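Residue strings, one per chain:
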Amino acid sequence: GNVLIEHNVFEEDPIGRPLAIQVIRSTHVTIRNNLILRSEAPVLWTSSSGVIENNTIVTTAGSDGPDRLRGTLAYLRERESLIVRNNLFVDMRGFFYFSYVCQPTCATGPISYAHNAFWPPTPDFYRILPGTDSNFVDIQSFDNLNAFPMFADDSLFYLQAGSPLIDAGDPSVLDVDGSRSDIGWTGGPGGVSYIYEDFAPLQPDSLWTWGEGTIVAV
């Protein structure tokens, strides 16, 4: 059937369960406006079409073994489609992996992977699961970015004034106040309307310069 998972906080409990959300063979699944903390596998998505949008995923946990896959894994069957947008990934020790669940000659439907933000910076916004033929995974990736989120509160993970994630989401998705969507769990029509607090800038941890002749630029 059609499944909606929204407005939840998932956090690794003392027992250490590593999986936050597991999707298995539904017609259409929407996962939005969730805060997922310290989960080895924030989402395990298998054989469904749907949307993963406006979630904040912070600090994946888990084993450091060399063969251990951490992160979000999405497996699609023939022609199944998926939209992944406006999500914020912070301190991820894994990646967003894509693969398929079918014969090696099948192909997924279109996967739109856009307007997601990452911190610390990563050269790989997503990866194809090892052993998967990338020719059969149709990923349309665009407008993803590396950006320091500038949280105002590390328990609610609200954004502060000046955050590069404000009004940086999919322009077709609007916030509660009618502006362009913020990236993260507070953005989108199911997000939170709040006043951005304006804090003093953080102290720089380094200074970069370059010189040419007698000119030095900072």
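In this text the structure is predicted, and so the values were computed from the model without any measurement. (Residues numbered from 1 in each chain as written. Predicted model: local features only at pLDDT ≥ 70, side-chain atom pairs only at ≥ 80, totals over all residues. Heavy atoms only, no water.)

**Some points on the pattern of salt bridges**
Going through the model one piece at a time under the given rule, you end up with seven salt bridges. We note a salt bridge from E78 to R79, for which the minimum N-O separation is 3.2 Å. Linked by salt bridges that have partners in common, E53, R85 and D170 make up one network. (Salt bridge = Lys/Arg side-chain N within 4 Å of Asp/Glu carboxyl O.)

**Digging into the nonpolar core**
Ranked by size, the top nonpolar core spans 24 residues in total, and within it I31, W45, I52, L82, F96, F98 and Y113 carry the most contacts. If near-sequence neighbours (up to four positions away) are discounted, L82 is found in contact with W45, G50, V51, I52, A74, L76, F98, P110, I111 and S112. L37, A117, L159 and L165 belong to the second largest nonpolar core, which has 16 residues in total. (Core = buried A, V, L, I, M, F, W, Y, C linked by side-chain atoms within 4.5 Å. Buried < 20%, exposed > 50% of the residue type's maximum accessible area, 1.4 Å probe, protein only. Contact = heavy atoms within 4.5 Å.)

**Concerning the layout of surface pockets**
The computed volume of the largest pocket comes to approximately 230 Å³. Lining the largest pocket are V90, W119, F148, P149, M150, F151, D154, Q160, F199, A200, P201 and L202. For the lining of the largest pocket, the class distribution of residues is 10 nonpolar, one polar and one charged. Considered as a void within the structure, the second largest pocket measures approximately 160 Å³ in volume. (1 Å grid on protein atoms, 1.4 Å probe; cavity = no way out; pocket = protein on both sides within 12 Å on 5 of 7 lines; lining within 4 Å. Points joined across faces, edges and corners; volume = space filled by probe spheres on them. Nonpolar A, V, L, I, M, F, W, Y, C, P; charged D, E, K, R; others polar.)

**Some words on unusual backbone geometry**
Geometrically, the link from W119 to P120 is a cis peptide bond, its omega value of 0° lying close to zero. Its location among the elements puts P120 in the loop between strand 14 (117-119) and strand 15 (127-128). Located in the positive-phi region is N54, a residue other than glycine, with phi close to 50°. Among the structural elements, N54 can be located in the loop between strand 7 (49-53) and strand 8 (56-58). What makes N54 buried here is its relative accessible area of 2%. The backbone of M150 shows a phi angle near 60°, a positive value even though the residue is not glycine. By the element assignment, M150 lies in the loop between strand 17 (145-146) and strand 18 (210-212). (Helix = DSSP H or I, 4+ residues; strand = E, 2+ residues; numbered from the N terminus.)

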